Amino acid sequence: MKTLAFLFPLVWATGLTQAQFRYAPVAPQVGQVVSFTYTPQGTPLATDSLIEARFVRYGAPAVMSLSQPAGIKLVRQGADYVGQLTLPRTNVSGMMLLFRNPQQPRRVDLNRGLLYAIPVCDDKGCPLPHALGGQASVFTRSHFLYESDARSDLNRVVQLYELELAEHPDLRPLYWSDYLAALVKQRKPGFGPKVDAGIRSYLASRPKPTLAELTTAAQLYESMGDFTKANAVREQQKTADPAGSLAQKDRAMAVRNQADWTKKKAMYQAFAKEFPTSSYLPALSVMMTDGYYKNNDIRGMLALVNTLPPTQTDVLMLNTIAFQMADEKRDIPTAELLIKRALADLDVQPRPTNIPASQWAGEKANRHRQLQNTYARTLEQQGRHADAWTAYQTVVSPDDIESSDARLNERYFLCALQTNHATQAQARTEEAIQLGLATNRLKAAYRDWYAKQPGQTLASADTHVHELESDLREDLRDELRSVMINEPAPAFSMTDLQGRTISSAACRGKVVVLDFWATWCGPCIASFPAMQQAQARFQSDPNVRFLFVNTREGGPLQRVHSFMERNTYPFVVPIDAQQRVANAYKVQGIPTKVVIDGKGRVRYRAIGYNGDPEATVKELAMVVEMLKEEL
């Protein structure tokens, strides 16, 4: 121990004086009480009147997880502060301290980043092994510095590791990777070859490197950006452990990447048989379940699901599949079996690691409602409305109406009609209509039911639904007023598909809706059913006209004729072959809807389609109604 004993004055005295920090006994041993004196003069705490010590113990790398920082109350004695601590009896090679103002924790004395150290000695007064490497571990394996918003000095860390290994070469298996990782972070010129040599030297010194050592070596190469050598080491890992995690990962990736469905099934079955407890198997099982469904192999999907333990099923995916099958009336009994399995698995599955424990009860209840909703759908699609109504009672709540889904509200009321519970569902349905969370089908069904109630008629039911939506309409009016514009409408003259001339002059005094579109535009075509509904609302109104202006087509006119012949939409389609009208109306993309008022002013312009036909119809119809009021 002579070498290390010689180095200790340099290592512990650097950055401080004997008067700054001193302790007794000078060679403390495990289990002893150490008294120390701190003099803040000349430090960042020189003017502070309230000071505390913070300490962390250190030792071998494996025990650093035990090193939780703790505080020590100090007693002021003149210009000094005095405290004491008790050295543990095990897993300790020393203590490192800092001093700070407890009321302002960022006011701290870190001894210029070196911290203050108290090494633990043996009965001969020689520092224990890990006396220096343990200090480096404080900087690299603990968060002691970070609580003071400080960072470690990598030069100091490297120096400490090198001194420890020089004194105790036998500790190399414990420090080799930490030391090389510090060199990588230090990034001094020539660090790459030095780290590479260190990795090779260490692995060569081991008769049979462990998987953990090979993993660490690969990670070191990756941190250097040398992925070729990292991959070579990982191949060595696979050879050393052909059934290990890396080999399983490669096999799992091969299953994922296999495009041929028949081969994919065979590869998955082989993987599941060979690695039944693999951490990669649950994700593969979910993928295969989805694969069976997408390949329309419902029987195969059900067979797979029936073989899986609850931990390998994704209940939300099963829910999605079951709901889609039920909604499409596609093998509904199997959909019911799937959702029942999902409900059973949800009850026994552990909390997912990505969901905090404090949130799991609420999330689990939410998932249960989603699954029960699907279960109710499978029942009603089989005509078992009474059972579906019972299931819906666990799904809907008077408190969740504002966050509810319009289609759920529709199904709930229709089920209520089938089971003579419409009166019970009335309040919720009316609130859904008031909040805009009711489909057209729901509103029509509710209106028809209401009209049959004592003292009511179809006219009074229409009035009632209209009144329920009054606040919603006013909100929409206010919103639209804020986005409406007032610009001159450029004159236009176009020829439609029937060869008729369509001009702005002929539309004078009318509210005109221009829908700019092209046959290649997916969103344009997707919006047509909604636009057809909007046009139908005003088909008997001579003061409203819809024009579907084909523009930016980029192809033969016959393509437009063919499209309209295939789809038979009752649209007037003027052709804007040169995009003159589109450019004049500031069309930046399609679909674009432009509404012109009766005075020849552009009052509304909207680009794109949001995928919600009811919202599109409602908004466009409201714009037209508002402009009609100005005629």
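Residues numbered from 1 in each chain as written. Predicted model: local features only at pLDDT ≥ 70, side-chain atom pairs only at ≥ 80, totals over all residues. Heavy atoms only, no water.

Glancing now at helix α16 (residues 406–418). Each full turn of the α-helix corresponds to 3.6 residues, which orients residues three or four apart in the same direction. When the terminal C-alpha atoms of α16 are compared, their 19 Å separation across 13 residues agrees well with the 18 Å that a helix rising 1.5 Å per residue should span. Every buried residue belonging to α16 is among L408, N409, E410, R411, Y412, F413, C415 and A416, and all of these are buried. The elements touched by buried residues of α16 are α12 (315–327), α14 (357–381), α15 (385–392), α17 (422–434) and α18 (440–451). Where α16 begins, the side chain of D405 points an oxygen toward the backbone nitrogen of R407, at a separation of 3.0 Å. Backbone geometry just after α16 places N420 at a positive phi near 60°. (Helix = DSSP H or I, 4+ residues; strand = E, 2+ residues; numbered from the N terminus. Expected span 1.5 Å × (residues − 1). Buried < 20%, exposed > 50% of the residue type's maximum accessible area, 1.4 Å probe, protein only. Contact = heavy atoms within 4.5 Å. Polar contact = N/O pair within 3.5 Å; in protein donor to acceptor, adjacent residues only side chain to side chain.)

The next point concerns the environment of E328. Here E328 shows up in the loop between α12 and α13 (332–348). Separated by 196 residues in sequence, E328 and L132 place their C-alpha atoms 70 Å apart.

Let us now look at the confidence of the model for the chain. Within the chain, residue pLDDT values average 92, and 97% of them lie at 70 or more. Ignoring residues within four places in sequence, the model shows residues 1–17, a span with pLDDT below 50, making 36 contacts including any to other chains. (pLDDT = per-residue confidence, 0-100.)

Let's shift gears to the packing of aromatic side chains. Each aromatic ring pair is summarised here by two numbers: the centre-to-centre distance and the angle between the ring planes. Per the counting criterion, the structure on display carries 28 aromatic pairs. With 6.2 Å between their ring centres and 80° between their planes, F413 and W449 make a pair best called edge-to-face. You can see F413 sitting in helix α16 and its partner W449 sitting in helix α18, a full 36 residues away along the chain. Judged by centre distance (5.5 Å) and plane angle (45°), the rings of W517 and F563 are tilted. With a gap of 46 residues between them, W517 in strand β13 (residues 511–517) and F563 in helix α22 (residues 557–567) connect regions that are remote in the sequence. The residues W517 and F563 share a single accessibility class, namely buried. Aromatic rings pair up to connect F21, Y23, F36, Y38, F99 and Y116 into one cluster. Between R428 and the ring centre of Y412, over which it is positioned, the NZ or CZ distance is 5.8 Å. (Phe/Tyr/Trp six-rings, centres within 6.5 Å; stacked < 30°, edge-to-face > 60°. Lys NZ or Arg CZ within 6 Å of the ring centre and 35° of its normal.)

Quick look at the pattern of salt bridges now. Enumeration according to the criterion identifies 38 salt bridges in this entry. One salt bridge connects R141 with D178, and the closest N-O pair in it is separated by 2.6 Å. Here R141 is found in helix α2 (residues 133–141), whereas its partner D178 is found in helix α4 (residues 172–186), with 37 residues between them in sequence. Judged by relative accessible area, which is 39%, R141 ranks as partly exposed. Its salt-bridge partner being E162, residue K194 comes within 3.8 Å of it at the nearest N-O pair. Highlighted residues: K194 in helix α5 (residues 191–205) and E162 in helix α3 (residues 154–167), separated in sequence by 32 residues. Of the residues examined, K194 reaches a relative accessible area of 43% and is grouped as partly exposed. Judged by its relative accessible area of 35%, E162 falls in the partly exposed class. Residues joined by salt bridges that share partners form a network here, namely D196, R200, D226 and K229. (Salt bridge = Lys/Arg side-chain N within 4 Å of Asp/Glu carboxyl O.)

Spatially, 4 strands are ordered β1-β2-β6-β5 in an open sheet, and the strand pairing comes out antiparallel. Each edge of the open sheet carries a strand with a single partner, namely β1 (21–24) and β5 (75–77). On average, adjacent strands in this sheet sit at an angle of 30° to one another, irrespective of strand direction. Pairing analysis gives 6 bridges linking strand β2 (residues 33–38) to strand β6 (residues 80–86), with the strands arranged antiparallel. When the sheet's bridge partners are listed, V33 is paired in β6 with T86. (Pairing = 2+ DSSP bridges. Axes fitted to C-alpha atoms, helices over the stretch in contact; angles between N-to-C directions.)

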